[in-house]
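Architecture at a glance
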Amino acid sequence: MKCRKCGGQAVLELRRHNTAFCAPDYLEFFRKQVHETIRRFRMFKKEEPVLVAVSGGKDSLALWHVLLEDGYAATGLYLDLGIFDYSKESKAKCEAFAGARGARLLIVSVKDELGGAVPAIKEATRRPPCSGCGLSKRYLMNKAALDHGFPVVATGHNLDDEAATLFGSIVHWQTEALPRQSPVLPSTHPKLVRRVKPLFRLTERETAAYAFLRRIDYIVEECPFAKGATSLLYKDILNRLEDASPGAKHNFFYGFLERGRPAFERSEGIELNECARCGQVTTGAICAFCKLADQVKRSR
Ligand code: Q46
Ligand code: ZN
């Protein structure tokens with residue numbers, strides 16, 4: 001297999017693009033894809049300070065790496081979920097990554113902000129902690145960005161993540177979730193920062209290849225609560241589809257963005273208030289994070 005760019009020995013075949021690259025040309029391809037996504041979707045400007053949510057995994061660290069290499073003003077944000085050894089190890093990976101590159105890393109602890117870490121959410125709600133964990137992550141990302149003056153938060157969601165989320169929303173016809181599925185969520189309130197996903201055009205395999213070739217030391221283990229998650233089942237189904245028909249995942253998600261999503265967009269805006277407790281944006285009187293904090297407190 002030869003590199004389509006230079007004719008040298010290829011290390012990676014990209015069937016969905018019907019191409020193959022050697023290591024240097026693959027790294028260049030990856031970097032350009034990220035850069036082009038940021039530009040085309042008007043995610044942020046070069047001089048704009050951007051907060052990159054890093055989990056210690058390959059996707060978010062690869063994203064931070066590309067942004068730093070390209071001279072973006074990218075600060076890392078690590079949310080300490082307090083999930084046993086998984087959190088200890090992932091935090092250490094983020095700290096080592098930042099330390100080696102002289103990059104700034106903010107650390108926010110869910111336990112400090114909520115009154116209990118993610119395992120306490122599980123105890124308090126007597127359910128898998130993922131929905132409470134997800135809402136805490138979105139809340140704390142926004143809060144950290146506001147507190148530190150960042151107009152935009154970037155996350156490492158890749159094409160597999162986005163396609164699996166879309167698949168799940170469609171399987172359950174969660175039509176209210178469909179308009180929110182976008183690579184750019186603009187700020188619709190002065191206290192809501194823009195959220196962007198610069199890796200959404202790249203697959204998990206492609207970000208893994210970037211992280212491997214750039215020797216990024218990331219946490220390979222998944223969160224222990226991810227076991228049995230339906231998102232993994234959806235990813236598996238989509239991977240099988242992709243194997244049989246390269247490009248299917250891309251077509252599924254891009255087709256939605258171009259032709260499906262506009263049909264579900266609401267013309268009337270949703271009324272946003274400030275939470276009476278914490279002042280963050282919510283659709284009710286008290287935000288979901290404050291309600292969850294009450295629940296965690298009650299169960300202690
Ligand atoms: S939501 Fe669930 Fe993740 Fe939170 S509890 Fe772990 S698996 S980390 S992406
Ligand atoms: Zn609140």
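Structure report, in brief. Quick caveat, the model's predicted, so the values are computed rather than measured.

All right, on to the overall build of the protein chain then. Along the protein chain, the regular secondary structure elements total 11 helices and 10 strands. Considered along the principal axes of its C-alpha atoms, the protein chain spans approximately 65 × 45 × 40 Å. Residues counted as buried form 50% of the 300 residues belonging to the protein chain. Considering only residue pairs separated by 6 or more positions, the protein chain has 70% of its internal contacts joining residues 24 or more positions apart. With an accessible surface of roughly 15400 Å², the protein chain has 51% of that area assigned to carbon and sulfur atoms. Charged side chains in the protein chain number 46 positive and 35 negative. The centres of these two groups are separated by 1 Å.

Our focus in this paragraph is the coordination of the zinc ion (ligand 2). Cys275 (SG), Cys278 (SG), Cys287 (SG) and Cys290 (SG) make up the full set of protein donors to the zinc ion (ligand 2), lying at 2.2 to 2.4 Å. What makes Cys275 buried here is its relative accessible area of 4%.

With that settled, the discussion passes to the sheet that holds strand S5 (residues 105-109). Strand order in the open sheet formed by 6 strands is S5-S4-S3-S6-S8-S7, with mixed pairing between adjacent strands. With one partner strand each, in any of the chains shown, S5 and strand S7 (184-185) form the two edges of the open sheet. Of the pairings in the sheet, the one linking strand S3 (residues 50-54) to strand S4 (residues 74-80) comprises 5 bridges and is parallel in character. Its bridge partner being in S4, Ala53 is matched across the sheet by Leu77. Along the sheet, helix H2 (residues 58-69) contacts S3, S4, S5 and strand S6 (152-154); its crossing angle with S3, the most-contacted strand, is approximately 150°.

Right, let's talk about the nonpolar core for a bit. Tyr26, Phe44 and Trp64 are the most contacted members of the largest nonpolar core, which has 48 residues in total. Discounting residues that sit within four places of it in the chain, Trp64 has contacts with Val52, Val54, Ala74, Thr75, Gly76, Cys94, Phe97, Ala98, Ala103, Arg104 and Leu105. Counting residues in each nonpolar core, the second largest holds 35 residues, with Ile83, Val193, Ile219 and Cys287 among its members.

This part takes up the layout of surface pockets. To locate leftover empty space, one rolls a probe as large as a water molecule over the atoms. When its volume is computed, the second largest pocket comes out at roughly 300 Å³. Lining the second largest pocket are 14 residues, and of these Thr203, Arg205, Glu242, Asp243 and Lys249 lie nearest its centre. Sorting the residues of the lining of the second largest pocket by element identifies strand S1 (12-14), helix H8 (204-213) and helix H9 (230-244) as the ones contributing at least two each. Of the residues in the lining of the second largest pocket, the class split is 2 nonpolar, 2 polar and 10 charged.

Tallying each qualifying case throughout the model produces 0 disulfides. The thiol of Cys94 is unpaired, and the distance to the nearest cysteine sulfur, on Cys223, comes to 14 Å. Taking the relative accessible area as the measure of exposure, Cys94 reaches 0% and is therefore buried.

A separate point is a positive patch on the surface. On the surface, Arg138, Arg180, Arg195 and Arg266 cluster together into a positively charged patch. One can find Arg266 in the loop between helix H10 (248-264) and strand S9 (273-274).

Attention now goes to the pairing of S5. Looking along a regular strand, one sees side chains alternate from face to face of the sheet. Burial analysis of S5 places 4 of its 5 residues in the buried class, which makes it a mostly covered element. Pairing of S4 with S5, which is carried by 5 bridges, proceeds in the parallel orientation. Bridge pairing in S5 places Tyr78 opposite Ile107. Running through helix H3 (residues 84-101), the crossover from S4 to the neighbouring parallel element S5 is right-handed.

What counts and how
- Residues numbered from 1 in each chain as written.
- Chains lettered and ligands numbered in written order.
- Predicted model: local features only at pLDDT ≥ 70, side-chain atom pairs only at ≥ 80, totals over all residues.
- Heavy atoms only, no water.
- Helix = DSSP H or I, 4+ residues; strand = E, 2+ residues; numbered from the N terminus.
- Buried < 20%, exposed > 50% of the residue type's maximum accessible area, 1.4 Å probe, protein only.
- Contact = heavy atoms within 4.5 Å.
- Areas by Shrake-Rupley, 256 points an atom, 1.4 Å probe, with all protein chains shown as cover.
- Lys, Arg positive; Asp, Glu negative; His and termini not counted.
- Charge placed at Lys NZ, Arg CZ, Asp CG, Glu CD.
- Donors = N, O, S within 2.8 Å, 3.2 Å for Na, K, Ca; no water.
- Pairing = 2+ DSSP bridges.
- Axes fitted to C-alpha atoms, helices over the stretch in contact; angles between N-to-C directions.
- Core = buried A, V, L, I, M, F, W, Y, C linked by side-chain atoms within 4.5 Å.
- 1 Å grid on protein atoms, 1.4 Å probe; cavity = no way out; pocket = protein on both sides within 12 Å on 5 of 7 lines; lining within 4 Å.
- Points joined across faces, edges and corners; volume = space filled by probe spheres on them.
- Nonpolar A, V, L, I, M, F, W, Y, C, P; charged D, E, K, R; others polar.
- Disulfide = S-S within 2.5 Å.
- Patch = residues over 30% accessible without salt bridge, like charges linked within 9 Å, V, L, I, M, F, W, Y side chains within 5 Å.
- Salt bridge = Lys/Arg side-chain N within 4 Å of Asp/Glu carboxyl O.
- Right-handed = clockwise from strand over helix to strand, strands pointing away.

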